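# Coordinates in review
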Amino acid sequence: MREKLLFISAENPFPQDSGGKLRTGNILNILLDKYDVDLLTYRNSRPGDDKSEVQGLAVHEVERTVNYRKAMLRSLYKRRNSSYMSHADVDMRGKIGELCRQNSYGHVFISHSLLGSCIDIVRGVLPDTMIITDAHNFESGLSAQLAAKKKGLAKLFYSLNAGWTKRDELKLMDKTNLLLTTSEQDGLAFKSLSSQNSHKVHVIPNFIRIEDYPANTGISKENWIILPGNMNYFPNINAASYFNREIYPLIKAKVPEIKWYIVGRDVHPEVAALAEKDPSIVITGYVDSVADYVRKAKVVIAPLREGSGTRLKILEAWALKTPVVSSTKGAEGLLYEHSRNILIADDPLTFADSVIQLLHDHERGIVLADRAYETLLDNYEAGSVREKLLSLV
């Protein structure tokens, strides 16, 4: 009989329609090779895949009562990060206790550093269980980046938020047995918080399952560029605005028939407004398959200037053999070589020229994409990380 593991995730990983959900779901799938898993998560508002038939997986859902507005208010008196994930203990406390008492788990996996408050709930019932926390991002760094862009009271609030998050990350380093990060950069950031706990930090890079991205040679490439991602995530919002303001006009001047697709869920009003002013910009909102759009595009762009972790959307583009133009920040944490498997550009003119080059030179794009595909298979496919993950957990 296999050991049971409790897997706690504030973000329901099904359907896998965002980078965070992809990481959560892909790690969960590997753990199912070794454990029977009780997944505790929020009930999804969007219908997902039916996981009731997955062998070894039992899904336990709770209703979300803490919305983002309540989380912001609660953060002021709890002195905690304002993301609703940070307040999942409100909704999950009872179920965590119930499941821990019923099953006496030897291992508990917490899928986000912002769920650190759940550790005390688990320890209250199972003081000796091994807890593994997957950080996803270095959240205090992200909070500081957000604060730097705010003014007035908003700047004060998010500056406090960054300080509270850093304090809680330090506590997390003490309380968790293992801390997984997506990149060496994030790993070093956590290690710098607590040298005595640095041995707990291990890098499990973002990865994908290549079987989820079947080749479709029958699709012809269109004169499209694609910016994929959650369009309510501030690094993506700012990237879209920056690209529209500084780079896209340069591309349109040379390729007037171009179409720019922004493909992602939860579209922020600032992003939606871009399409209202320019008919060549297409905002799709949520789609069942981002891959269908990426396959048709000639270029995927990642013009990010802030953020943390690594971009799963770049890995998806590599899997679908669509060439990528990225800023250094956008490609942070990935193994890349400029002009070999990706084009890196950090100023508007170079970025625009790189996109135009790939739009005009299809053969160059094929070579770039083929090399990126090789990099993906060697370093960021599930098979390449499975052994390390299972040796840790």
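The structure we're discussing is the one just above.
Reading the values: the criteria
- Residues numbered from 1 in each chain as written.
- Predicted model: local features only at pLDDT ≥ 70, side-chain atom pairs only at ≥ 80, totals over all residues.
- Heavy atoms only, no water.
- Pairing = 2+ DSSP bridges.
- Helix = DSSP H or I, 4+ residues; strand = E, 2+ residues; numbered from the N terminus.
- Axes fitted to C-alpha atoms, helices over the stretch in contact; angles between N-to-C directions.
- Contact = heavy atoms within 4.5 Å.
- Phe/Tyr/Trp six-rings, centres within 6.5 Å; stacked < 30°, edge-to-face > 60°.
- Lys NZ or Arg CZ within 6 Å of the ring centre and 35° of its normal.

Here we take up the sheet that holds strand β5 (residues 130-134). Reading across the sheet, the seven strands line up as β3-β2-β1-β4-β5-β6-β7 and stay open at both edges, with parallel pairing between neighbours. Of all the strands in the sheet, the pair left with one neighbour each is β3 (57-62) and β7 (201-203). Going across the sheet, the axis of each strand differs from the next one's by a mean of 20 degrees, ignoring polarity. Relative to strand β4 (residues 107-110), strand β1 (residues 4-9) is paired through four bridges, and the arrangement is parallel. Counterpart to Leu6 in the pairing with β4 is Val108. Here helix α14 (residues 382-392) sits on the sheet and contacts β5, β6 (178-181) and β7; the angle it forms with β6, its principal contact strand, is near 160 degrees.

This model, assessed by the stated rule, comprises 11 aromatic pairs. Pairwise contacts between aromatic rings join Phe243, Tyr248, Trp260 and Phe351 into one cluster. Residue placement shows Arg305 over the ring face of Tyr242; its charged tip is 3.9 Å from the ring centre. Lying across the ring of Tyr373, Lys321 places its NZ or CZ 4.6 Å from the centre.

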